[in-house]
Structures are given as structure tokens and as C-alpha cells.
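# Inside the fold
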Amino acid sequence: TILDVSNLYKKTCCITHTTTRYLLRMKRLNSQLQEDGAPMELILLLRTILAGCKEISFRVSQGALAGVLGSTLSENVQGETQKKLDVISNQILKDILSESGYVKAISSEEEDDVVPCNPNGNYLVSFDPLDGSSNTDINSLIGTIFSITHAPQWMDSDDPSAFLQPGTQIVAAGYVLYGPSAMLALTTGRGTHLYTLDKTHGGFLLTTPNVKVPVQTAEYSINASNQRHWEAPVQAYINDLLAGTEGPREKDYNMRWVAAMVGDIHRVLSRGGIFMYPYDKRDPSKAGKLRLLYEANPMAFLVEQAGGLANTGTGRIMEVMPTEIHQRVPVLIGSKEEVETCLSYYK
Ligand code: AFP
């Protein structure tokens with residue numbers, strides 16, 4: 001078929017025109033943050049983190065073309081093989097935050113120790129630069145997770161103890177999901193909002209204000225290959241879900257596992273569900289797989305602000321008092337009634 005180029009051109013112009021009109025109506029990140037009462041310095045810090053995330057998003061989207069896929073020869077402090085993109089993403093965020101002036105110190109999943117920044121900075125930032133990085137091998141979902149707390153006045157910038165605050169002290173938390181579109185979930189304690197990166201003008205536009213996690217669900221998320229290592233309450237709970245309409249829950253459940261917490265929690269925020277990475281007996285020295293500072297706390301804050309619950313099985317995640325920066329915790333996060341039911345198995 002011979003393409004009718006002039007017709008195609010007219011259609012493209014029409015789409016561009018509609019997009020421009022749509023963009024003018026969309027709320028920008030800044031105005032939502034101002035409406036939520038965020039102080040100007042926090043807004044500037046968030047914009048700095050997001051500038052780093054846009055750079056990561058670009059690097060991720062280049063994939064094999066930029067030679068950034070695959071592993072390095074090193075391991076991080078947790079003994080996990082580092083992907084090239086883990087290292088690149090960590091460096092991007094470390095550089096941009098160190099130069100910003102707003103940050104006293106950072107802690108990262110990919111750094112052994114706290115990284116000192118500006119001794120006069122007012123904030124501490126913790127992040128997982130590229131959550132789910134093994135998914136880069138299969139071009140699947142990955143993301144950056146971050147949280148921000150105030151830097152105590154007494155703290156030296158290389159002192160890790162200032163990071164040992166419970167999640168209730170977090171002033172802002174979020175993630176950027178690098179998927180078919182790049183999406184930001186962000187909370188400053190006044191609800192959780194979802195934004196989409198508009199690559200035509202480079203800004204995050206508010207696409208779902210005040211997202212609400214449905215209270216009930218028929219979807220769960222757990223790595224079932226660990227089943228033989230789970231404790232009795234988790235075994236019993238999952239067995240009852242698997243029994244479907246014939247079991248005590250009297251409904252059929254669906255199961256999903258992205259293998260990147262950022263992707264699984266995005267689904268929970270978008271349509272509900274329960275996401276679990278419980279304690280298991282594989283390595284009794286580890287309280288769970290997921291990291292409190294870099295994964296569990298920021299996701300707990302986002303989900304709680306959207307009406308969901310986040311628990312370890314024995315207490316609220318955000319009330320756990322950290323004892324070290326790379327601490328791990330068991331995680332049960334999601335729809336309120338489903339998390340409550342799951343917790344009843346622990347009693
Ligand atoms: P990586 O960032 O090392 O790929 O780990 C991702 C993660 O910490 C979390 O995002 C996933 O929910 C979980 O690990 C997946 O773990 P499994 O290996 O059990 O699938």
C-alpha cells in the first residue's frame with residue numbers, strides 16, 4: 001500500500017496539538033507539592049532526586065545499545081552481584097545529591113557505609129538506586145526507591161546513627177518505576193499521588209491524585225518457591241488462599257510476582273492486593289530479604305498514605321527501630337482487610 005503521507009502528517013499534527021492542550025491542563029509536580037504544604041527546600045531536593053531518576057530512566061531505556069546490561073565483577077555489601085546499571089544508577093544519585101547542598105549524608109543499598117555530603121545539609125536520603133535490577137536481563141520492570149528524613153543538628157555527616165530512625169520520621173518517600181512509561185509515586189504525608197513522566201517536555205505530570213488501595217482484594221504476591229522455608233502462619237494463610245472457593249476464604253485468588261518490589265507495589269497501589277516477603281528459615285541470621293531503609297519503609301509510607309497496611313507480621317513496619325543501615329525485615333503490605341486477615345494467622 002502506498003502511504004498517504006500528507007494524511008499521516010495531518011494526523012500527527014492533530015495528536016501533537018491534542019497532547020499540548022492536554023499538557024496545559026495537567027497539574028505539575030511543583031504545584032501538587034506546594035498544595036501538600038511541602039517546604040521549598042524539600043521540593044528542591046525532590047526535584048534533584050527526580051533529575052537523577054530521569055537520567056537513570058534514559059540509561060535504562062538505552063539498554064544493550066549503551067552496553068550497560070549484565071553484571072559487574074563485584075558484590076555489594078549484602079553479598080549480591082552488582083549489575084552495571086546498579087553501579088551507574090547509584091553513582092548518578094550519589095553525584096547529584098552530593099552536589100545539591102541540601103543533603104548532609106546518604107545511605108544506599110549499593111554502598112557499604114553512609115556517604116557524607118554537605119555538613120550543613122538539612123536532609124538525609126536513603127535509596128535503592130535500582131530495585132529489581134536482575135530484571136534488566138529480561139527488559140522487565142525496575143525502579144528507584146527513596147526516602148527523606150531531617151538531618152539531626154548534632155550529627156556528623158559520616159555518622160550512620162542518624163539514619164537509625166523509625167519510618168515514622170520520614171518526611172517524603174517515593175519510587176520511580178521504569179516501565180512502558182516512567183511513573184513516580186510520591187508522598188509527603190498528605191496522600192500518595194501518581195505522576196507520569198512526559199518525555200516531550202521532561203516533567204512529571206500528576207495522573208492519579210490521592211490514589212486509594214482497594215480495601216479488599218483477590219490477588220496476592222509471594223515467591224512461592226520459598227514455601228518449604230516459611231513459618232507456620234504463612235503456610236496456613238497461603239494454603240487457605242490456594243483452596244479458593246472451596247476453602248475458608250470462599251473465593252478464588254490470583255497470583256502475580258514481578259520479582260521487583262517496585263513493580264509489585266505499583267500493582268498494589270494501582271488495583272490492590274497483598275505483597276509478601278515473609279521471614280523464612282533459609283538463613284536464620286536474616287530477618288527477611290527486603291531492606292528496611294531502602295525498600296520496606298518507603299513502600300510502607302506510600303501504601304499507608306493510600307489507605308493500605310504495612311506490617312512485619314509482628315508490628316507496623318514504620319515503627320521498627322533500625323539497628324543498622326542495611327537491616328532486613330519481613331514484609332506484608334497491601335489492601336487493609338487482606339493484611340488484617342493475614343495477620344490474624346500470626347496470632
Ligand atoms: P534485586 O534488586 O537484587 O534484583 O532484588 C529485588 C528484591 O530485593 C525485591 O525488589 C524483590 O521483591 C525481591 O528481591 C525478589 O526476590 P526473589 O529473588 O525471591 O524473587
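Up top is the structure.
Everything in this summary refers to the structure shown in the same document. Along each chain, numbering runs from 1 in the same order as the chain's sequence is written. A pLDDT threshold of at least 70 governs which residues receive local features in this predicted model, and a stricter bar of 80 or more applies before side-chain atom pairs are shown or counted, although totals over entire chains, interfaces and linings include all residues. Computation of side-chain values covers all heavy atoms of the structure but excludes hydrogens and water.

### Observations concerning the sheet that holds strand S9 (residues 192-198)
- What the eight strands build is an open sheet, ordered S4-S3-S5-S6-S7-S8-S9-S10; its pairing is mixed. Each end of this open sheet is capped by a strand with a single partner; those strands are strand S4 (115-116) and strand S10 (203-208).
- Two strands qualify as a pair provided that DSSP identifies no fewer than 2 bridges between them. The helix count covers DSSP runs of H or I at least four residues long, the strand count covers runs of E at least two residues long, and both are numbered beginning at the N terminus. Looking at chain direction, strand S6 (residues 142-150) and strand S7 (residues 172-178) are connected through seven bridges and run antiparallel. When the sheet's bridge partners are listed, Phe 146 is paired in S7 with Gly 174.
- Note on contacts: a residue pair is in contact if any heavy atoms of the two residues lie within 4.5 Å. Fitted lines through C-alpha atoms give the axes, limited to the stretch in contact for helices. The angle between two N-to-C directions lies from 0 to 180 degrees. Contacting strand S3 (103-108), strand S5 (123-131), S6, S7, strand S8 (182-187), S9 and S10, helix H3 (residues 40-62) crosses the sheet at an angle of about 165 degrees to S6.
- Against the sheet, helix H6 (residues 261-271) contacts S5, S6, S7, S8 and S9, and its axis sits at roughly 105 degrees relative to S7.

### Side note on the environment of Leu 343
- For Leu 343, the position within the fold is in helix H8 (residues 336-344).
- C-alpha of Leu 343 to C-alpha of Thr 314: the two residues are 29 residues apart in sequence and 8.0 Å apart in space.
- Every residue in contact with Leu 343, bar those within four places of it in the chain, is listed here: Asn 311, Gly 313 and Leu 332.

### Structural notes on the site of the ligand
- Around the ligand, 16 residues are found, and the nearest of them are Asp 131, Gly 132, Asn 223, Met 261 and Tyr 277.
- Any pair of nitrogen or oxygen atoms within 3.5 Å is treated as a polar contact; in protein, a donor-acceptor pairing is required on top of that, and neighbouring residues in sequence qualify only through side-chain atoms on both sides. At a separation of 3.0 Å, an oxygen atom of the ligand approaches a polar side-chain atom of Glu 295.
- Its free accessible area being 480 Å², the ligand has 83% of it covered by the protein chains.
- Of all the secondary structure elements, the ones that give two or more residues to the shell around the ligand are S5, strand S13 (274-277) and strand S14 (290-291).
- Taken together, the residues of the shell around the ligand break down into eight nonpolar, four polar and four charged. Throughout, the term near means that a residue has one or more heavy atoms lying within 4 Å of the molecule or strand in question. Accessibility throughout is a Shrake-Rupley quantity obtained with a 1.4 Å probe, and a residue counts as covered only by protein chains that appear here. Only Asp, Glu, Lys and Arg are considered charged, only Ala, Val, Leu, Ile, Met, Phe, Trp, Tyr, Cys and Pro nonpolar, and every remaining residue, Gly among them, polar.

### A look at the environment of Val 114
- Within the secondary structure, Val 114 is located in the loop between S3 and S4.
- For Val 114, a relative accessible area of 10% translates into the label buried.
- Placed 45 residues apart in sequence, Val 114 and Asp 159 show a C-alpha to C-alpha distance of 7.2 Å.
- Apart from residues lying up to four places away in sequence, Val 114 is in contact with Ala 105, Ile 106, Ser 107, Ser 157, Asp 158, Pro 160, Phe 163 and Ile 325. For each residue, the accessible area found with a 1.4 Å probe, counting protein chains only, is set against the maximum for its type, and the residue is called buried under 20%, exposed over 50%, and partly exposed in between.

### With respect to the pairing of S8
- The buried count for S8 comes to six of six residues, which makes it a mostly enclosed element.
- Judged by which residues are buried, S8 turns out to be covered on both faces: Ala 182, Leu 184 and Leu 186 on one side and Met 183, Ala 185 and Thr 187 on the other are all buried.
- Where S7 and S8 come together, six bridges link them in antiparallel fashion. Looking across to S8, one finds that Leu 177 is bridged to Met 183.
- Count of turn residues in the S7/S8 antiparallel hairpin: three residues.
- Between S8 and S9, which pair antiparallel in sequence order, lie four residues; one of them, Gly 189, sits at a positive phi of approximately 90 degrees.

### Examining the nonpolar core
- Take the buried Ala, Val, Leu, Ile, Met, Phe, Trp, Tyr and Cys residues and link them wherever side-chain atoms come within 4.5 Å; each set so joined is a nonpolar core. Ranked by internal contacts, the top residues of the largest apolar core, which has 45 residues, are Tyr 175, Ile 265, Leu 269, Met 299, Val 331 and Ile 333.
- Among the secondary structure elements, those contributing two or more residues to this core are S7, S8, H6, S13, helix H7 (292-305) and strand S17 (331-334).
- Per element, the largest residue contribution to this core is nine residues, and it comes from H7.
- When sequence neighbours within four positions are dropped, the list of residues in contact with Leu 269 reads Tyr 175, Ala 185, Thr 192, Leu 194, Val 211, Lys 212, Val 213, Leu 302, Val 303 and Ala 306.
- Listed in part, the 40 residues of the second largest apolar core include Leu 45, Ile 49, Val 176 and Leu 206.

### Looking at the sheet that holds S13
- Read from one edge of the open sheet, five strands run S12-S11-S13-S17-S15, paired in mixed fashion. Two strands in the sheet have a free side with no partner beyond their single neighbour: strand S12 (254-255) and strand S15 (309-311).
- By the bridge criterion, two bridges tie strand S11 (residues 219-221) to S12 in an arrangement that is parallel. Looking across to S12, one finds that Tyr 220 is bridged to Met 255.

### Considering the packing of aromatic side chains
- The pairing test for Phe, Tyr and Trp rings, Trp by its six-membered ring, is centres within 6.5 Å, and the orientation test on the planes gives stacked under 30 degrees, edge-to-face over 60, and tilted for anything in between. Counted under the stated rule, the structure contains three aromatic pairs.
- Aromatic side chains Tyr 237 and Tyr 345 sit 5.4 Å apart centroid to centroid with 75 degrees between the ring planes, which places their arrangement in the edge-to-face category. Taken as a pair, Tyr 237 in helix H5 (residues 232-242) and Tyr 345 in the segment after H8 lie far apart in primary sequence, 108 residues in all.
- On the basis of relative accessibility, which here comes to 21%, the residue Tyr 345 falls in the partly exposed class.
- Considering the side-chain rings of Trp 257 and Tyr 277, the 5.9 Å spacing of their centres and the 55 degrees angle between planes classify their relative orientation as tilted.

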